[in-house]
Amino acid sequence: MKVLWMRRMRVLRRLLRKYREAKKIDKHLYHSLYMGAKGNQFKNKRVLMEAIHKEKAEKLRLKALTDQAEARKAKAKAKTERKTKRKTEQDEMARELDAQEEPKA
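Reading guide: rules and limits
- Residues numbered from 1 in each chain as written.
- Predicted model: local features only at pLDDT ≥ 70, side-chain atom pairs only at ≥ 80, totals over all residues.
- Heavy atoms only, no water.
- Helix = DSSP H or I, 4+ residues; strand = E, 2+ residues; numbered from the N terminus.
- Core = buried A, V, L, I, M, F, W, Y, C linked by side-chain atoms within 4.5 Å.
- Buried < 20%, exposed > 50% of the residue type's maximum accessible area, 1.4 Å probe, protein only.
- Phe/Tyr/Trp six-rings, centres within 6.5 Å; stacked < 30°, edge-to-face > 60°.
- Patch = residues over 30% accessible without salt bridge, like charges linked within 9 Å, V, L, I, M, F, W, Y side chains within 5 Å.
- Areas by Shrake-Rupley, 256 points an atom, 1.4 Å probe, with all protein chains shown as cover.
- Salt bridge = Lys/Arg side-chain N within 4 Å of Asp/Glu carboxyl O.
- Lys, Arg positive; Asp, Glu negative; His and termini not counted.
- Charge placed at Lys NZ, Arg CZ, Asp CG, Glu CD.
- Expected span 1.5 Å × (residues − 1).
- Arc of directions from axis to C-beta.

Some remarks on the environment of Lys 23
Phase 1 of the analysis: Among the secondary structure elements, Lys 23 is positioned in the loop between helix 1 (2-21) and helix 2 (27-38).
Phase 2 of the analysis: For the pair Lys 23 and Ala 37, spaced 14 residues apart in the sequence, the C-alpha separation amounts to 19 Å.

Below, the structure written as structure tokens:
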């Protein structure tokens, strides 16, 4: 039984090492997957590869969501800046008109 365990660990660790060196996974994901393999989380190489793809997809999805949120925030900030600028310009124009009308009266 121990021989089977050692073979499986070597296969999984070799795959993780290969992916890390090929920059397919970063060191943080490598570490969490390595510890998962050590804790008997992955039955075989196929299950480990599925877990890697799932984690990478989740990471990309979260990154896309944060990018969208940042774009939304920037758009809203630009809108409020335009609005305040327009409001101040209108106030200045109104003051100028009032100043022009006062000497006539």
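Some points on the nonpolar core
Phase 1 of the analysis: By size, the foremost hydrophobic cluster in this structure holds 14 residues, and its most contacted members are Leu 12, Leu 16, Ile 25, Leu 33, Phe 42, Leu 48 and Ile 52.
Phase 2 of the analysis: Where this core is concerned, the elements lending two or more residues are helix 1, helix 2 and helix 3 (45-104).

Things to note about the packing of aromatic side chains
Phase 1 of the analysis: Counted according to the given criterion, the structure contains 1 aromatic pair.
Phase 2 of the analysis: Taking the centre distance of 5.8 Å and the plane angle of 40° together, the rings of Tyr 30 and Tyr 34 count as tilted. Separated by 4 residues within a single helix, Tyr 30 and Tyr 34 lie in helix 2, roughly one turn from each other.
Phase 3 of the analysis: Here Tyr 30 falls in the buried class, since its relative accessible area comes to 13%.
Phase 4 of the analysis: Under the relative-accessibility criterion, Tyr 34 is labelled partly exposed at 25%.

Some points on a positive patch on the surface
Phase 1 of the analysis: Together, Arg 10, Arg 14, Arg 17, Lys 18, Arg 20, Lys 24, Lys 45 and Lys 56 make up a region of like positive charge exposed at the surface.
Phase 2 of the analysis: For the positive patch, the elements supplying multiple residues, two or more each, are helix 1 and helix 3.
Phase 3 of the analysis: At 5 residues, helix 1 tops the list of elements feeding residues into the positive patch.
Phase 4 of the analysis: Secondary-structure assignment places Lys 56 in helix 3.
Phase 5 of the analysis: Residue Lys 56 is classed as partly exposed on the basis of its relative accessible area of 33%.

Here's the deal with helix 2
Phase 1 of the analysis: Here helix 2 contains 12 residues, and its C-alpha end-to-end distance of 16 Å stays within 8% of the 16 Å for a straight helix at 1.5 Å per residue.
Phase 2 of the analysis: Within the span of helix 2, buried status applies to Leu 29, Tyr 30, Leu 33, Gly 36 and Ala 37. Each buried residue of helix 2 lies within a common arc of 130° when the element is viewed along its axis, so the set occupies one face. Relative to its buried face, helix 2 has exposed residues pointing more than 90 degrees away, namely Lys 27 and His 28.
Phase 3 of the analysis: Where helix 2 terminates, the next one or two residues include Asn 40, which has phi positive at roughly 65°.

Details of helix 1
Phase 1 of the analysis: Taking 1.5 Å as the rise per residue, helix 1 with 20 residues should run 28 Å; its terminal C-alpha atoms sit 28 Å apart, in good agreement.
Phase 2 of the analysis: Where helix 1 is concerned, the buried positions are Met 9, Leu 12, Leu 15, Leu 16 and Tyr 19. What you see down the axis of helix 1 is that its buried residues fit within an arc of 130°, all on one side. When the buried face of helix 1 is taken as reference, the exposed residues oriented beyond 90 degrees from it are Lys 2, Arg 7, Arg 10, Lys 18 and Glu 21.

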